[in-house]
Amino acid sequence: MNISDAAQDSGLPAKTIRYYEEIGLVHPGRLANGYRDYSAQDLHKLRFLQRSRGLGFSIEDCRTLLSLYEDHNRASADVRQIAKAHLDDIDRKIAELKSLQTTLRHLVHQCHGDDRPDCPIIEDLAGPSV
């Protein structure tokens, strides 16, 4: 299968597929004319990567997960550890975003939004006077 077919079937842009090949995540065969030839297994890996990236896993996490996927003697604990670390990171980011939301909501509420020049949002962004 050529790269445009692989892109359509995997849901990934051809540019992304070429990048994944460049960094060694997939290794398609080559036809006599030098064109890439994606097998069913390559397509399955591309779908795996598309789903993993869609869940926010880093390229390195995807590399590790793909390696574990291909290792039939893997321990599910290894997979869980990667997923748990990613989940913890997501939870941390959500907490940071909620804190930002609370702060910004407070500042927006404090601002009169009228023609006066005084603005609590600007004052907060400027920080304490030196």
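All residue numbers refer to positions counted from 1 along the written sequence of the respective chain. With the structure being a predicted model, the display of local features is reserved for residues of pLDDT at least 70 and the display and counting of side-chain atom pairs for 80 or more, all residues being used for whole-chain, interface and lining totals. Excluding hydrogens and water, the side-chain figures rest on all heavy atoms present in the structure.

Caption draft 1: Spotlight on the pattern of salt bridges. We define a salt bridge as a contact between a side-chain nitrogen of Lys or Arg and a carboxyl oxygen of Asp or Glu at a distance within 4 Å. Enumeration according to the criterion identifies nine salt bridges in this entry. When the shortest N-O distance is used, the salt bridge between Glu70 and Lys45 registers 2.7 Å. With Glu70 in helix α4 (residues 59-70) and Lys45 in helix α3 (residues 40-54), the pair connects residues that are 25 residues apart, well separated along the chain. Burial classes: relative accessible area under 20% of the type maximum marks a residue as buried, over 50% as exposed, and values in between as partly exposed (1.4 Å probe, protein chains only). Here Glu70 falls in the partly exposed class, since its relative accessible area comes to 39%. Given a relative accessible area of 13%, Lys45 falls into the buried group. Residue Glu60 pairs with Arg63 through a salt bridge whose shortest N-O separation is 3.3 Å. One end of the pair, Glu60, and the other, Arg63, are both in helix α4, three residues apart, so they sit about a helical turn from each other. Each helix is a run of DSSP H or I of at least 4 residues and each strand a run of E of at least 2, with the numbering of both proceeding from the N terminus.

Caption draft 2: Region of the structure containing α3. Its 15 residues place the ends of α3 21 Å apart at the C-alpha level, agreeing with the 21 Å of an ideal helix rising 1.5 Å per residue. Within the sequence span of α3, burial applies to Asp42, Leu43, Lys45, Leu46, Leu49 and Ser52. What makes two residues a contact is simply this: any of their non-hydrogen atoms within 4.5 Å. Here the buried face of α3 lies against α1 (3-10), α2 (14-22), β1 (29-30), β2 (36-37) and α4. Gly56 lies just past α3 and shows a positive phi near 90°. Helix span, expected: 1.5 Å multiplied by one less than the number of residues in the helix.

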